[in-house]
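Overview (structure and organization)
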Amino acid sequence: GSLFKLFIYLTGFENGLKINDVFIDEPIKIANWYPENNDSKYRGKISVKDAFAFSSNSVAVQIADYFGINKIIKNAKKLGIVNDFKNDLTITLGSQESTLLDMTTAYATIVNNGIPVFPYAINHIIVDGNIVYKRNAPEKKAMFDKTTIENMQFLLYSVVNEGTGKNAKIESLIEKTRAYNMMNTDNKFFIGGKTGSTQNNKDAWFIGFANDLVIGIWMGNDDNTATNRIMGGNLPAMLWKEIVESIN
């Protein structure tokens, strides 16, 4: 679903897209494809920030069409999405499946200022009091420039602060972000995330970060049938908030 929009906007920022650029959120046609917004609602003139915050399918496809699907696929693979991608614009709305672990890892890299994050299960092994194995994380450099990463973190913050992810909003972390950015020359975001839903409510996702935590949630039926109107912005976002608040 809309989780894939991360790669679209990231690619846009790499190639000159600006936070305040304006698009027309309206019904569009690409060849014989008519990508629609959720509930067929459109906002007209809309900034890049708001298009991401409110998860406009129309604007996402327009950006992808302008900057090119191959660049987007390259960035998705760079962030660990190892699918054999179809070379068409439908993938911009998440038409290809991916795992929760892979998607959460991709988001974690953005939260980690563009430095790759690798999931692992074993930190060290002790036998008879001796460490026989210890994981040594390789030193990695950021894969994207600072402005691109900061823009993406701001968009993720906007989703939770005012967009489709408001059910995940934790006021203390919103205020922490505002206070930091008022007092410092650089910008930091202590909360953010993205909702994702697929057609017929078969899948509902929310991946978000709170301070140093990155948590991904998927809800759906294991037989791939439709859920009872579960969307990324309702139960997954609400569960995410409950988990974060229980940890903190």
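Report on the accompanying structure. (Residues numbered from 1 in each chain as written. Predicted model: local features only at pLDDT ≥ 70, side-chain atom pairs only at ≥ 80, totals over all residues. Heavy atoms only, no water.)

With that out of the way, let us pick up the side chain of Ser58. With respect to the helices and strands, Ser58 occurs in helix H3 (residues 57-67). Ignoring anything within four residues of it in the chain, the contact list for Ser58 reads Ile24, Asp25, Glu26, Ile28, Asn37 and Tyr42. (Helix = DSSP H or I, 4+ residues; strand = E, 2+ residues; numbered from the N terminus. Contact = heavy atoms within 4.5 Å.)

Right, let's talk about the environment of Leu213 for a bit. Within the secondary structure, Leu213 is located in strand S7 (residues 213-220). Taking C-alpha positions, Leu213 is 32 Å from Asp39, a pair spaced 174 residues apart along the chain. Leaving out residues up to four positions away in the same chain, Leu213 has contacts with Gly208 and Ile247.

Taking every second residue as pointing to the same face, the buried face of strand S1 (residues 22-25) carries Phe23 and Asp25, while none of Val22 and Ile24 on the other face is buried. In this sheet, strand S2 (residues 44-47) lies alongside S1 in antiparallel orientation, the contact comprising four bridges. Along S2, the bridge assignment pairs Asp25 with Gly44. (Buried < 20%, exposed > 50% of the residue type's maximum accessible area, 1.4 Å probe, protein only. Pairing = 2+ DSSP bridges.)

Right, let's get into the sheet that holds strand S6 (residues 203-210). Here we have three strands laid out as an open sheet, ordered S5-S6-S7, and antiparallel in their pairing. Looking at which strands have only one partner, the edges of the open sheet turn out to be strand S5 (191-197) and S7. The sheet shows a mean angle of 10 degrees between the axes of neighbouring strands, taken without regard to direction. Pairing analysis gives seven bridges linking S5 to S6, with the strands arranged antiparallel. Its bridge partner being in S6, Lys194 is matched across the sheet by Ile207. Contacting S5, S6 and S7, helix H8 (residues 235-247) crosses the sheet at an angle of about 145 degrees to S7. (Axes fitted to C-alpha atoms, helices over the stretch in contact; angles between N-to-C directions.)

Despite not being glycine, Asn113 has its phi angle at roughly 60 degrees, a positive value. As for its position among the elements, Asn113 is in the loop between helix H5 (100-111) and strand S3 (124-127). Judged by relative accessible area, Asn113 falls into the partly exposed class, the value being 48%. At Arg229, a residue that is not glycine, the phi angle is positive and equals roughly 60 degrees. Locating Arg229 in the fold gives a position in the loop between S7 and H8. Taking relative accessible area as the criterion, Arg229 reaches 66% and is therefore assigned exposed.

For the pair H5 and helix H6 (residues 146-162), the least separation of the axes is 9 Å and the interaxial angle reads 115 degrees. Across the interface between the two elements, Tyr107, Ile110 and Val111 from H5 touch Ile149, Met152, Gln153 and Leu156 from H6. The class makeup of the residues in the contact of H5 with H6 is six nonpolar, one polar and no charged. (Nonpolar A, V, L, I, M, F, W, Y, C, P; charged D, E, K, R; others polar.)

Moving on, we get to the packing of helix H1 (residues 5-14) against H3. Helix-helix packing: each pair is described by the crossing angle between the helix axes and the interaxial distance. Packing of H1 against H3 brings their axes to within 10 Å, and their N-to-C directions diverge by 50 degrees. With respect to H3, the axis of H1 lies oblique. The element H1 and its partner H3 pack so that their crossing is left-handed. Between H1 and H3, the contacting residues are Lys5, Ile8, Tyr9 and Gly12 on the first element and Asn57, Val59, Ala60, Ile63, Ala64 and Phe67 on the second. (Parallel < 35°, antiparallel > 145°, perpendicular 65-115°, else oblique. Left-handed = near helix turned anticlockwise from the far one by under 90°.)

What follows concerns H6. For H6, with 17 residues, the first-to-last C-alpha span of 24 Å sits near the 24 Å given by 1.5 Å per residue. Burial analysis of H6 places twelve of its 17 residues in the buried class, which makes it a mostly covered element. Of the residues making up H6, those classed as buried are Thr148, Ile149, Asn151, Met152, Gln153, Leu155, Leu156, Tyr157, Ser158, Val159, Val160 and Asn161. Elements that come into contact with the buried residues of H6 comprise H1, helix H2 (48-53), H5, helix H7 (171-183), S5 and S6. A side-chain oxygen of the first residue of H6 lies 3.1 Å from the backbone nitrogen of Thr147; this N-cap is Asp145. (Expected span 1.5 Å × (residues − 1). Polar contact = N/O pair within 3.5 Å; in protein donor to acceptor, adjacent residues only side chain to side chain.)

Right, let's get into the nonpolar core. Judged by nonpolar contacts, the single largest core of 62 residues is most densely connected at Phe7, Tyr9, Met152 and Trp240. With seven residues, the single largest contributor to this core is H6. (Core = buried A, V, L, I, M, F, W, Y, C linked by side-chain atoms within 4.5 Å.)

To continue, consider H3. Of all eleven residues in H3, eight are buried; the element is thus mostly enclosed. Along H3, the residues classified as buried are Asn57, Ser58, Val59, Ala60, Val61, Ile63, Ala64 and Phe67. Contacts from the buried residues of H3 go to H1, S1, S2, H2 and helix H4 (69-78). Measuring from the side-chain oxygen of the N-cap residue of H3 to the backbone nitrogen of Ser58 gives 3.4 Å; that N-cap residue is Ser56. Looking one or two residues beyond H3, the residue adopting positive phi is Gly68, at roughly 105 degrees.

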